[in-house]
Amino acid sequence: MRRALVAGNWKMNGTRASVAELIAGLRTQDLPDAVDVAVFPPSLFIERVVQGLTGMPVAVGAQDCAAQADLGALTGEVAPIQLADGACTMVLVGHSERRLILGESDERVAQKFAAAQCAGLQPILCVGETLEQREAEETLAVVTRQLEAVLKVLGVAAFASAIVA
């Protein structure tokens, strides 16, 4: 059976001062042994959070990654290999805001999932429906489609080292 995971996505929030406060607050917590804990700060603060949480049982992940694992000419993107080099262990892919606001397709999410795994990161595949889809009772179809996009590219074995949220 898998362990429970409590993860905090900081989204597009934080300043140097508030990140320092969050790190200090996390360092005072008595974290339960039976639950994994992870935080997902904005990319700008990943290195600061990794350093600030050294020795703590808290994983640091990224909120997104490029669809190619290696370095390259893709302005503004962060390669999964760079995230791994920066001590990230996880990465969110397919977050609802990226799907809805930025128009990321299921196929693009599957590419990011594959790139993350190729770089040694554990992808957290975010799935889910909009309110309208839920009200239209389309939840199962939407989530199935999102999962099938990854299955089509990587097969079911890819989920052995991934998380679905």
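Given the structure is predicted, the values throughout are model-derived calculations rather than measurements. (Residues numbered from 1 in each chain as written. Predicted model: local features only at pLDDT ≥ 70, side-chain atom pairs only at ≥ 80, totals over all residues. Heavy atoms only, no water.)

Asker: Looking at this structure, I do not really get the environment of Q63. What am I missing?
Answerer: Along the chain, Q63 turns up in the loop between strand 3 (58–62) and helix 3 (80–85). Q63 sits in the partly exposed class, given a relative accessible area of 21%. The spatial distance from the C-alpha of Q63 to the C-alpha of E138 is 26 Å, given a sequence separation of 75 residues. Side-chain polar atoms of Q63 contact the side chain of N9, separated by 3.4 Å. (Helix = DSSP H or I, 4+ residues; strand = E, 2+ residues; numbered from the N terminus. Buried < 20%, exposed > 50% of the residue type's maximum accessible area, 1.4 Å probe, protein only. Polar contact = N/O pair within 3.5 Å; in protein donor to acceptor, adjacent residues only side chain to side chain.)

Asker: Please clarify how unusual backbone geometry should be interpreted in this entry.
Answerer: If a residue is not glycine, its phi is most likely negative; likewise, a peptide bond is most likely trans. The phi dihedral of K11 falls on the positive side, at around 55°, and the residue is not glycine. With respect to the secondary-structure elements, K11 resides in the loop between strand 1 (4–9) and helix 1 (16–27). We classify K11 as partly exposed; its relative accessible area is 31%. The residue A87 is not glycine, and still its phi comes out positive at about 75°. In this fold, A87 is placed in the loop between helix 3 and strand 4 (90–93).

Asker: Teacher, can you tell me more about the environment of M56 here?
Answerer: Mapped onto the elements of the fold, M56 is located in the loop between helix 2 (46–52) and strand 3. Given a relative accessible area of 16%, M56 falls into the buried group. Spatially, the C-alpha atom of M56 lies 34 Å from that of L151, the residues being 95 residues apart in sequence. In this structure M56 touches L26, R27 and L31, once residues within four positions along its chain are discounted. (Contact = heavy atoms within 4.5 Å.)

Asker: In this structure, what is going on with helix 7 (residues 139–154)? I would like to understand it.
Answerer: Side chains that are three or four residues apart share a direction in an α-helix, a result of its 3.6 residues per turn. Taking 1.5 Å of rise per residue, the 16 residues of helix 7 would be expected to cover 22 Å, and the 23 Å separating its terminal C-alpha atoms lies within 8% of that figure. Of all the residues in helix 7, the buried ones are V142, V143, Q146, A149 and V150. The elements touched by buried residues of helix 7 are helix 4 (96–100), helix 5 (106–118), strand 5 (122–125) and helix 6 (131–135). Looking one or two residues beyond helix 7, the residue adopting positive phi is G155, at roughly 80°. (Expected span 1.5 Å × (residues − 1).)

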